[in-house]
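The lines below spell out each chain.
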Amino acid sequence: MPCFACLVVHFMSDPVAGLVSMARAAGPDGVVGACVWDQAGGRGPLGPFWQGVREVDSHAVDESQMPGVAEGDLAGLFEAAGLRDVRGGSLEVSVAHSGFDDWWEPFTLGVGPAGSYVASLDGPSRDRVEATLRRRLPDGPFVTRALAWTAYGRSSRG
């Protein structure tokens, strides 16, 4: 049975142990796959957000140091977990936004590291971040493009 983890490996407290568990769940010779955003290269969907935040707060902690978010890192985690025939790659996606508010609103919900960052700001700081991002992004409809790192491999033959 295949076992996939989309956009979660970098949040695992022990990604190698998590991938070992996925391989166990996939069974003998099972396929394990995952993807994570390219946060280290700034080409994930949060890249524009963190670039704007750093203009206002150079000490903001983003997701660029999380496991698996740099080129080759995810495949390396698969290998460390003992998966075989590991292949790494990438996936590009595009998302259309009707305007800035459509893009900004998810960050205001407090979800994930970016949302938690916005939720932690006092009113004036949040206003500065929002104003900076509004200056950096188009006024009308726009498309964001993002890159995710992918990896897949096989569990042991049992």
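Coordinates for the structure precede this section.
Given the structure is predicted, the values throughout are model-derived calculations rather than measurements.

About the criteria used
- Residues numbered from 1 in each chain as written.
- Predicted model: local features only at pLDDT ≥ 70, side-chain atom pairs only at ≥ 80, totals over all residues.
- Heavy atoms only, no water.
- 1 Å grid on protein atoms, 1.4 Å probe; cavity = no way out; pocket = protein on both sides within 12 Å on 5 of 7 lines; lining within 4 Å.
- Points joined across faces, edges and corners; volume = space filled by probe spheres on them.
- Helix = DSSP H or I, 4+ residues; strand = E, 2+ residues; numbered from the N terminus.
- Buried < 20%, exposed > 50% of the residue type's maximum accessible area, 1.4 Å probe, protein only.
- Phe/Tyr/Trp six-rings, centres within 6.5 Å; stacked < 30°, edge-to-face > 60°.
- Salt bridge = Lys/Arg side-chain N within 4 Å of Asp/Glu carboxyl O.
- Pairing = 2+ DSSP bridges.
- Right-handed = clockwise from strand over helix to strand, strands pointing away.
- Axes fitted to C-alpha atoms, helices over the stretch in contact; angles between N-to-C directions.
- Left-handed = near helix turned anticlockwise from the far one by under 90°.
- Contact = heavy atoms within 4.5 Å.
- Nonpolar A, V, L, I, M, F, W, Y, C, P; charged D, E, K, R; others polar.
- Polar contact = N/O pair within 3.5 Å; in protein donor to acceptor, adjacent residues only side chain to side chain.

Draft legend 1. Spotlight on the layout of surface pockets. Computed from the structure, the largest pocket encloses a volume of approximately 450 Å³. At the level of secondary structure, the elements contributing two or more residues to the lining of the largest pocket comprise strand S3 (84-97), helix H5 (112-120) and strand S4 (142-154). With four residues, H5 is the single largest residue contributor to the lining of the largest pocket.

Draft legend 2. Quick peek at unusual backbone geometry. Even without a glycine there, the phi angle at Asp29 is positive, about 60°. Inspection of the secondary structure puts Asp29 in the loop between helix H1 (15-26) and strand S2 (31-37). Although it is not a glycine, Asp85 adopts a positive phi angle of roughly 55°. In this fold, Asp85 is placed in strand S3. Classification of Asp85 by relative accessible area gives partly exposed; the value is 48%.

Draft legend 3. Representation of the packing of aromatic side chains within the structure. Inspection of the entire model under this criterion finds eight aromatic pairs. With 4.4 Å between their ring centres and 10° between their planes, Phe49 and Phe107 make a pair best called stacked. Linking Phe49 in helix H2 (residues 47-56) with Phe107 in the loop between helix H4 (100-104) and H5, this pair joins segments that are 58 residues apart in sequence. Just as Phe49 is buried, Phe107 falls in that class too.

Draft legend 4. Representation of the pattern of salt bridges. Considering all chains together, one arrives at eight salt bridges under this definition. The partner of Arg136 in a salt bridge is Glu55, and the shortest N-O contact between them spans 2.3 Å. Of the two residues, Arg136 sits in helix H6 (residues 123-136) while Glu55 sits in helix H2, which places them 81 residues apart along the sequence. Exposure remark for Glu55: the relative accessible area of 46% places this residue in the partly exposed category.

Draft legend 5. Just the pairing of strand S1 (residues 3-6), in detail. Because side chains alternate across S1, one face comprises the buried residues Cys3 and Ala5, and the other comprises Phe4 and Cys6, none of which is buried. As paired strands, S1 and S2 are joined by four bridges and run parallel to one another. Paired with Cys3 across the strands is Val32, a residue of S2. With respect to chirality, the unit in which S1 leads through H1 into the neighbouring parallel S2 is right-handed.

Draft legend 6. Representation of the packing of H2 against H5. For the pair H2 and H5, the least separation of the axes is 11 Å and the interaxial angle reads 35°. For H2 against H5, the interelement crossing comes out left-handed. In this structure, H2 contributes Phe49, Trp50 and Val53 to the contact, and H5 contributes Pro113, Ala114, Tyr117 and Val118. Of the residues contributing to the contact of H2 with H5, the split by class is seven nonpolar, no polar and no charged.

Draft legend 7. View of the side chain of Ser155. With respect to the secondary-structure elements, Ser155 resides in the segment after S4. When its relative accessible area of 4% is taken as the criterion, Ser155 is described as buried. At 2.4 Å, the side chain of Ser155 and the backbone oxygen of Gly27 are in polar contact. Ser155 has contacts with Ala23, Gly27, Pro28, Asp29, Gly30, Leu83 and Arg84, leaving out every residue within four places of it along the chain.

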